[in-house]
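What follows is each chain in one-letter form.
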2 protein chains.
Amino acid sequence: MDFDDKVPIYYQIKNHLYHQIVTGTLVPGAKLPSVRQLAVDVTANVNTVQRALSEMTDEKMIIPQRGKGNFVTDDVLSIKKLKDKLINEQLSLSYQELHDLNLTDDQILDEFEKYIKNRSEIHE
Amino acid sequence: MDFDDKVPIYYQIKNHLYHQIVTGTLVPGAKLPSVRQLAVDVTANVNTVQRALSEMTDEKMIIPQRGKGNFVTDDVLSIKKLKDKLINEQLSLSYQELHDLNLTDDQILDEFEKYIKNRSEIHE
DNA sequence: TATAGTGTACTAGTAAACTAATACACTAGA
DNA sequence: TCTAGTGTATTAGTTTACTAGTACACTATA
């Protein structure tokens, strides 16, 4: 896995898994790869993976079952809420940042539009 | 200063100062507060501040003068470039994140529009 | 029942970021 | 010339994230 050395690895793993849950790569009730397998997958230590999973367990997004594995929550609503939260955090974050760079609301929207338009041209 | 404990403090200080340069709070050629004063301002250690300033010096955005202080570069063009870089990094980052959450380009723009509209209503 | 695959806990060691304190070189001004 | 305010360097110690290795409890299955 490609890590940003400015952010703790366990945090990036957690985020990575949350993305898989939210996008349906990991469906509700699905079994996660074992901690040892995950450690191999993301090229990190078992303990680091475990730390990510612990927080996810605390947040009730996965349920651990001793001897069996970790399972994605069945609660579809809470997954929806997680997705909304992730989206909103991102919007808020980037609005904040661009606003702090002295862009007006209109400029922010413009820049975003330009960026996406430009991007789709390059990638088509 | 309010730090995000997920990101190194020196990095946040650097970012903070870059914002001031880009937005004109610190004009080209202006003298920065002394390292000791900055340390007080942002409630961090002198060495941590120094580390931020070192990187900024390496990137030629400030010029240190022994015995006098640190001064913002006079090169207006490079300040402009810095601003563009900061904006672009943010756009790219949040596009990436929202795209990874399975939002289409249109949805990303929509969400952004909604967010900003909503925000301005609350704050007017 | 034995074994392999799970989660979990613990101890130990390393590296990086941060703090703290001190010292030194340079500049400007009284 | 002295002094206060600069940047800069160095040494030492703390904390946190991370790695490594081991051990143990539990589950499913051959």
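As a reminder, the structure under discussion sits directly above these lines.
Read on for an overview of the structure. Keep in mind it's a predicted model, so treat the numbers as computed, not measured.

The partner chain B presents 35 residues to the 35 residues of chain A that form the contact. The interface formed by chain A and chain B contains zero salt bridges. Taken together, the links from chain A to chain B amount to six residue pairs in polar contact (both at pLDDT 80 or more). If you list the elements that add at least two residues to the side of chain A that touches chain B, you get α1 (9-23), α4 (76-100) and α5 (105-122) of chain A. If you tally residues by element for the side of chain A that touches chain B, the top one is α4 of chain A, at 13 residues. Class assignment of the residues belonging to the side of chain A that touches chain B gives a composition of 18 nonpolar, nine polar and eight charged.

This structure, assessed with the given rule, holds five aromatic pairs over all chains. Across from the ring centre of Y10 of chain A, 3.9 Å away, lies the NZ or CZ of R51 of chain A, which sits over that ring.

Surveying the vicinity of DNA strand C reveals 24 residues, the closest of which are R36 of chain A together with P8, I9, N47 and T48 of chain B. Counting only the atoms of DNA strand C that lie within 4 Å of the protein, the sugar and phosphate share comes to 67%. Take R66 of chain A: an N or O atom from its side chain is 3.3 Å from a base nitrogen of DNA strand C. Within the contact set of DNA strand C, a base nitrogen lies 3.2 Å away from a backbone nitrogen or oxygen of G67 of chain A. Mapped by element, the contributors of at least two residues to the surface near DNA strand C are α2 (35-41), α3 (46-58), β1 (62-65) and β2 (69-72) of chain A together with α1 (9-23) and α3 (46-58) of chain B. With three residues, the single largest contributor to the surface near DNA strand C is α3 of chain B.

Each value, and the rule that gives it
Residues numbered from 1 in each chain as written. Chains lettered and ligands numbered in written order. Predicted model: local features only at pLDDT ≥ 70, side-chain atom pairs only at ≥ 80, totals over all residues. Heavy atoms only, no water. Contact = heavy atoms within 4.5 Å. Salt bridge = Lys/Arg side-chain N within 4 Å of Asp/Glu carboxyl O. Polar contact = N/O pair within 3.5 Å; in protein donor to acceptor, adjacent residues only side chain to side chain. Helix = DSSP H or I, 4+ residues; strand = E, 2+ residues; numbered from the N terminus. Nonpolar A, V, L, I, M, F, W, Y, C, P; charged D, E, K, R; others polar. Phe/Tyr/Trp six-rings, centres within 6.5 Å; stacked < 30°, edge-to-face > 60°. Lys NZ or Arg CZ within 6 Å of the ring centre and 35° of its normal. Near = heavy atom within 4 Å.

Honestly, that's just the spatial picture; any functional story needs more than this.
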